[in-house]
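The residues making up each chain are set out below.
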Amino acid sequence: MRLLAVVACLLLGACNIVMTKDPVFAADDGAGQPRLKSGVWGQITGKDCAYDVGSALAAWPACANGFVIEGDKMGAYSRPSTNDGAAKEPVWQEQPFVLAHGDPRVFQLRLTTSDNSLPLPVLYIYAAVKPTAHD
């Protein structure tokens, strides 16, 4: 579920979201284009989010929204809870994504849940991406 929350925070700059049951783009639709840099990423929510960027990703607080980009996959720890609200151990989840060519580029992410806390079918969500710099 954390991956779903991270992606929602990253991609929902407005109230509108595009979702499909089947993918629109194939894995090679971004071939030959710049890729997202592999590594640890985060999105801070709230001005009082304190954490150690050198700590293990599983230890990052929810306000840091930490995730990892590696090739064509996005991974993050979900923080499932029991029916009584008690937290379980974090569970690593990876989901494939496509950063398709075009202007703007289109980010397609496959979403699923692993903890059955919110039973959803497989869905694909989309966002326009306009890179402002490359390294």
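Rules used throughout
- Residues numbered from 1 in each chain as written.
- Predicted model: local features only at pLDDT ≥ 70, side-chain atom pairs only at ≥ 80, totals over all residues.
- Heavy atoms only, no water.
- 1 Å grid on protein atoms, 1.4 Å probe; cavity = no way out; pocket = protein on both sides within 12 Å on 5 of 7 lines; lining within 4 Å.
- Points joined across faces, edges and corners; volume = space filled by probe spheres on them.
- Helix = DSSP H or I, 4+ residues; strand = E, 2+ residues; numbered from the N terminus.
- Nonpolar A, V, L, I, M, F, W, Y, C, P; charged D, E, K, R; others polar.
- Phe/Tyr/Trp six-rings, centres within 6.5 Å; stacked < 30°, edge-to-face > 60°.
- Buried < 20%, exposed > 50% of the residue type's maximum accessible area, 1.4 Å probe, protein only.

Colleague: How should I be thinking about the layout of surface pockets in this particular structure?
Modeller: By rolling a water-sized probe across the atoms, one finds the places where empty space is left. Here the second largest pocket defines a volume of roughly 190 Å³. Considering the residues around the second largest pocket, the lining is formed by 13 residues, among which Ala27, Gly30, Arg35, Asp72 and Leu99 are closest to the centre. Examining the composition of the lining of the second largest pocket, we find that three residues originate from one element, strand S5 (residues 91-100), more than from any other. Considered class by class, the residues forming the lining of the second largest pocket number seven nonpolar, three polar and three charged.

Colleague: What exactly am I supposed to notice about the packing of aromatic side chains here?
Modeller: Note on aromatic pairs: each is described by the distance of the centres and the angle between the planes. Taken as a whole and judged by the stated rule, the model has five aromatic pairs. Geometrically, the ring pair formed by Phe97 and Phe107 is stacked, given 5.1 Å between the ring centres and 25° between the ring planes. You can see Phe97 sitting in strand S5 and its partner Phe107 sitting in strand S6 (residues 105-111), a full 10 residues away along the chain. Each of the two residues, Phe97 as well as Phe107, counts as buried.

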